[in-house]
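# Results of the structural survey
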Amino acid sequence: LFVMQAEGNLIHFYREGERINTIGGLGFGEANFNRLSDITISPHGKLLALDSFQRQIKAFDRTGMWLENYPLMNINEPILFDVAHDGSVFIYDRTSNEIIIMDERMENIVYRFGKFLFRDPVQLRSTFTHVTVYDRGNRKTYLFDNFGNHLETLDGYWQIDRFGNRYQLRNNLISYSLSQRDFLISLNPWDIFSLKTGVISLISGRQIRIAEIIYERN
């Protein structure tokens, strides 16, 4: 489990509930950040961390050892990103207010989309078939395919799994679009909601809850 602490430019590493390492802190060293703004896991299992001030993505192994940097030369203010299953990188540039698709080495821009569509996006997630962007400014979720085509805009905070199932965060619980049953109910409202590779992650204050989705064959 990798936990980003943005206000301290830190990333904490947990295994079986125990913290095993912490990297980061303010600075220009290989494992330091100036403005840590987002993290994700690559298809190859690397931890990727975005430093929006330095305009680069840093790669680490699962123990926290630094591996390499990927400078984002043609992006002015990257603040959100995620990596698709094929290695394509989706980056939100706040200056141009659009999402940029880059190749796996983050050397070439493949495509741009969503320009002027967003107000205050706070999360970008990529699945096998979709890209979702939650915009806190207008409380909407934008749904795209992996080529950047805008498919739908949903009111509220939604996540889509690889089978197209839809899950909505409603204050302190998750609703499943095909069922009347709510789940992952908390006493306090959840602030952050993420779904990727069949795993739901929820954050509220200092609480983190992780749940695996079990799919049944009919």
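Just so it is clear, the structure is predicted and the values come from calculations on it, not from any experiment.

With antiparallel pairing, three strands are arranged side by side in an open sheet as E1-E2-E3. A strand with exactly one partner marks an edge of an open sheet, and here the two such strands are strand E1 (2-5) and strand E3 (18-24). Going from strand to strand, the sheet's axes swing by 25 degrees on average, the running direction of each strand aside. Here six bridges tie strand E2 (residues 10-15) to E3, and the two strands are oriented antiparallel to one another. Residue Ile11 lies in a different strand from E3, and its bridge partner there is Ile23.

With that settled, consider the packing of aromatic side chains. A complete count under the given rule lists twelve aromatic pairs for this structure. With 3.8 Å between their ring centres and 5 degrees between their planes, Tyr134 and Tyr157 make a pair best called stacked. One end of the pair, Tyr134, is in strand E13 (residues 130-135); the other, Tyr157, is in strand E16 (residues 157-160), and 23 residues separate them in sequence. By relative accessible area, which is 12% here, Tyr134 ends up buried. For Tyr157, a relative accessible area of 7% puts it in the buried group. Three or more aromatic residues link up through ring pairs in this structure, and these residues are Phe90, Tyr92, Phe113, Phe118, Tyr142 and Phe144. Cation over ring: Lys58 sits above Phe33, and NZ or CZ is 5.4 Å from the ring centre.

With that out of the way, let us pick up the pairing of strand E9 (residues 89-93). Where burial is concerned, most of E9 is hidden: five out of the five residues are buried. Here E9 shows a buried face lined by Val89, Ile91 and Asp93 and a second buried face lined by Phe90 and Tyr92. Pairing of strand E8 (residues 78-83) with E9 involves five bridges; the strand directions are antiparallel. Within E9, the position partnered with Asp82 by the bridge is Phe90. In this antiparallel pair of consecutive strands, E8 and E9, the connection spans five residues, and Gly87 shows a positive phi of 95 degrees.

Turning next to the pattern of salt bridges. A side chain of one charge can pair with a side chain of the opposite charge when the charged atoms of the two come close. The full count for this structure, using the stated rule, is nine salt bridges. Note that Asp82 is salt-bridged to Lys196, the shortest N-O span being 2.7 Å. You can see Asp82 sitting in strand E8 and its partner Lys196 sitting in strand E20 (residues 192-196), a full 114 residues away along the chain. We classify Asp82 as buried; its relative accessible area is 0%. Here Asp155 and Lys140 are joined by a salt bridge, their closest N and O atoms 2.6 Å apart. Here Lys140 lies in strand E14 (residues 140-145) and Asp155 lies in strand E15 (residues 150-155), a separation of 15 residues in the sequence. You can call Asp155 exposed: its relative accessible area is 56%. Linked by salt bridges that have partners in common, Lys46, Glu68 and Arg105 make up one network.

Thresholds applied
- Residues numbered from 1 in each chain as written.
- Predicted model: local features only at pLDDT ≥ 70, side-chain atom pairs only at ≥ 80, totals over all residues.
- Heavy atoms only, no water.
- Pairing = 2+ DSSP bridges.
- Helix = DSSP H or I, 4+ residues; strand = E, 2+ residues; numbered from the N terminus.
- Axes fitted to C-alpha atoms, helices over the stretch in contact; angles between N-to-C directions.
- Phe/Tyr/Trp six-rings, centres within 6.5 Å; stacked < 30°, edge-to-face > 60°.
- Buried < 20%, exposed > 50% of the residue type's maximum accessible area, 1.4 Å probe, protein only.
- Lys NZ or Arg CZ within 6 Å of the ring centre and 35° of its normal.
- Salt bridge = Lys/Arg side-chain N within 4 Å of Asp/Glu carboxyl O.

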